[in-house]
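# Results of the structural survey
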Amino acid sequence: MAIPAETLQPHHAKLLQGQGWVVIEGFLPETVAVSLRTEAAEAFNAGKFTQHRFQFGAGTFEKPNIFEADLHDEELHEFLPAFAD
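The following refers to the structure shown. (Residues numbered from 1 in each chain as written. Predicted model: local features only at pLDDT ≥ 70, side-chain atom pairs only at ≥ 80, totals over all residues. Heavy atoms only, no water.)

With that settled, the discussion passes to the pattern of salt bridges. For the coordinates displayed, the defined rule picks out two salt bridges. K48 is the partner of E75 in a salt bridge, and the nearest nitrogen-oxygen pair spans 3.2 Å. Taken as a pair, E75 in helix α3 (residues 74-79) and K48 in the loop between α2 (30-45) and β1 (50-56) lie far apart in primary sequence, 27 residues in all. A relative accessible area of 24% places K48 in the partly exposed class. Two residues, E62 and R53, come together in a salt bridge whose shortest N-O distance is 2.9 Å. Judged by its relative accessible area of 45%, E62 is partly exposed. (Salt bridge = Lys/Arg side-chain N within 4 Å of Asp/Glu carboxyl O. Helix = DSSP H or I, 4+ residues; strand = E, 2+ residues; numbered from the N terminus. Buried < 20%, exposed > 50% of the residue type's maximum accessible area, 1.4 Å probe, protein only.)

Here we take up a nonpolar patch on the surface. A cluster of nonpolar side chains, contributed by F54, F56 and F61, occupies part of the molecular surface with about 320 Å² of accessible area. With respect to the secondary-structure elements, F56 resides in strand β1. F56 gets classed as exposed once you look at its relative accessible area, which sits at 62%. (Patch = residues over 30% accessible without salt bridge, like charges linked within 9 Å, V, L, I, M, F, W, Y side chains within 5 Å. Areas by Shrake-Rupley, 256 points an atom, 1.4 Å probe, with all protein chains shown as cover.)

We now examine a negative patch on the surface. A contiguous patch of negative charge, built from E68, D70, D73 and E74, is present on the exposed surface. Assignment of secondary structure puts E68 in strand β2 (residues 59-68). According to the relative accessible area criterion, E68 is partly exposed, its value standing at 37%. (Lys, Arg positive; Asp, Glu negative; His and termini not counted. Charge placed at Lys NZ, Arg CZ, Asp CG, Glu CD.)

Among the structural elements, H52 can be located in strand β1. Overall, H52 belongs to the buried group, its relative accessible area being 19%. In terms of polar contacts, H52 uses its side chain to reach the side chain of E68, at 2.7 Å. Setting aside residues no more than four positions away along its own chain, H52 makes contact with F61, E62, K63, I66, F67 and E68. (Polar contact = N/O pair within 3.5 Å; in protein donor to acceptor, adjacent residues only side chain to side chain. Contact = heavy atoms within 4.5 Å.)

Moving on to the pairing of β2. The pairing of β1 with β2 spans six bridges and is antiparallel. Pairing of Q55 across the sheet is with T60, part of β2. Between β1 and β2, which follow one another and run antiparallel, lie two residues, and G57 among them has a positive phi close to 65°. (Pairing = 2+ DSSP bridges.)

As structure tokens, this is what we get:
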């Protein structure tokens, strides 16, 4: 999927650098966004996401309500084909 060059502007980079995030309206066509969200929800409901863990000092902790999927895991490509492309 090609992203039109006019969608990304220099001010987007400045916002990203300054605040750590940016919203770009129309970055993905609605059909693509809905497809990605549907795939992710189905994979999550099938138990394919793992609880995010992080290390702090000598301990390992879970971040509540933060889950992740390793897109390098070939098995997940079956559940997340649009993400694997």
